[in-house]
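Architecture at a glance
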Amino acid sequence: MAAMGQYRNIVILTGAGVSAESGIDTFRAGTDGQPSLWEQHDVEDVATPEGFARDPELVQRFYDMRRAAIQTKLPNPAHDALARLDAAWGGDLLIVTQNVDDLHERAGARRVLHMHGEHLKAWCTACDVRSPWRGSLADYPPCPACQARSLRPDVVWFGEMPYEMNRIYAALRRADLFVSIGTSGAVYPAAGFVRDARELGAHTLELNLERSQGSHLFHESRLGPASQTVPSWVDEVLAGA
């Protein structure tokens, strides 16, 4: 890897592997030997607009449980390290996360973009306002903005467009360094960011527990738990800045 002093603008993509060590289970793998969320529910039932239209009570209860669960979790050393980088880095930095938890922010990161939405927000389909939300949506509470009882989880479901794609691609065009942390390389469009960044001339680095489906596209891969690889990498970045 080139000397960190050669880089100025960084885009970081984070996935489920960053939050797994905080005890947040994912749709692909549970924690502590528990089934994944996919094994407990069919994706068509809880993560599609069609499933919500068919059985909104099931979907609201499912996300109520997820919303409550993440509020009991704490950031881990990977979140802390990225927050430290965010605070210290003088160039452009954008942490694009596929995660819908708020652990990056609770660790102190500020330059964060949630491309798949956030558990702790509710989206009103009547007035299109997104409001902070920590309680239940199962009892059809009124929207804080318009009072319509049209709130749903502010989470991007399968078949829906991720948020702020124009902003993400603009950051990738400026990036000297693209880093993917804790991602499977299986979910598009995020899985294509490494190819886009590399074709635009950025150095590409993967930090992951194991090689992802797109590992061959990275200039470099470092394997291990995020709580170990990310702080080590951040130390290297800041030492060379």
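Keep in mind that what you see is a predicted model, and the values were worked out from it rather than measured. (Residues numbered from 1 in each chain as written. Predicted model: local features only at pLDDT ≥ 70, side-chain atom pairs only at ≥ 80, totals over all residues. Heavy atoms only, no water.)

What follows deals with the UniProt feature "binding site: substrate" (unreviewed entry) in the chain. According to UniProt, the "binding site: substrate" (unreviewed entry) feature falls on Tyr63 and Arg66. By the element assignment, Tyr63 lies in helix 5 (residues 56-70). Note on Tyr63: relative accessible area 2%, which makes it buried. Considering the arrangement of structural elements, one finds Arg66 in helix 5. (UniProt positions renumbered as here; feature names shortened; annotations may be inferred. Helix = DSSP H or I, 4+ residues; strand = E, 2+ residues; numbered from the N terminus. Buried < 20%, exposed > 50% of the residue type's maximum accessible area, 1.4 Å probe, protein only.)

All right, on to the sheet that holds strand 7 (residues 177-181) then. Across the sheet, which stays open at both edges, the six strands sit in the order 3-2-1-7-8-9 with parallel pairing between neighbours. A single partner strand is all that each edge strand has here, and the edge strands are strand 3 (112-114) and strand 9 (220-223). On average, each strand axis in the sheet is tilted by 20 degrees relative to the strand beside it, whichever way the strands run. As paired strands, strand 8 (residues 203-208) and strand 9 are joined by four bridges and run parallel to one another. By the bridge assignment, Leu207 is partnered in strand 9 with Arg222. Contacts from helix 8 (residues 165-174) reach strand 1 (10-14), strand 2 (93-97), strand 3 and strand 7 within the one sheet, and its direction differs from that of strand 2 by about 135 degrees. (Pairing = 2+ DSSP bridges. Axes fitted to C-alpha atoms, helices over the stretch in contact; angles between N-to-C directions. Contact = heavy atoms within 4.5 Å.)

Counting residues in hydrophobic clusters, the biggest one holds 24 residues, and the most contacted among them are Ile12, Leu82, Leu85, Val179, Ile181, Val230 and Trp233. Counting residues per element, the ones that place at least two in this core are strand 1, helix 6 (77-88), strand 2, strand 7, strand 8 and helix 10 (226-240). With near-sequence residues (within four places) excluded, Leu82 lies in contact with Ile12, Thr14, Ile95, His104, Ile181, Val230, Trp233 and Val234. Core analysis: the next-biggest nonpolar cluster, separate from the first, contains 19 residues, Leu13, Met115, Phe178 and Ala197 among them. (Core = buried A, V, L, I, M, F, W, Y, C linked by side-chain atoms within 4.5 Å.)

This next bit is on the sheet that holds strand 4 (residues 117-124). On the basis of which strands lie adjacent, the open sheet formed by three strands has the order 5-4-6 and antiparallel pairing. Either end of the sheet is taken by a strand with one partner, and the two such strands are strand 5 (130-132) and strand 6 (151-155). Going from strand to strand, the sheet's axes swing by 45 degrees on average, the running direction of each strand aside. Of the strand pairs in this sheet, strand 4 and strand 5 are connected by three bridges, and their pairing is antiparallel.

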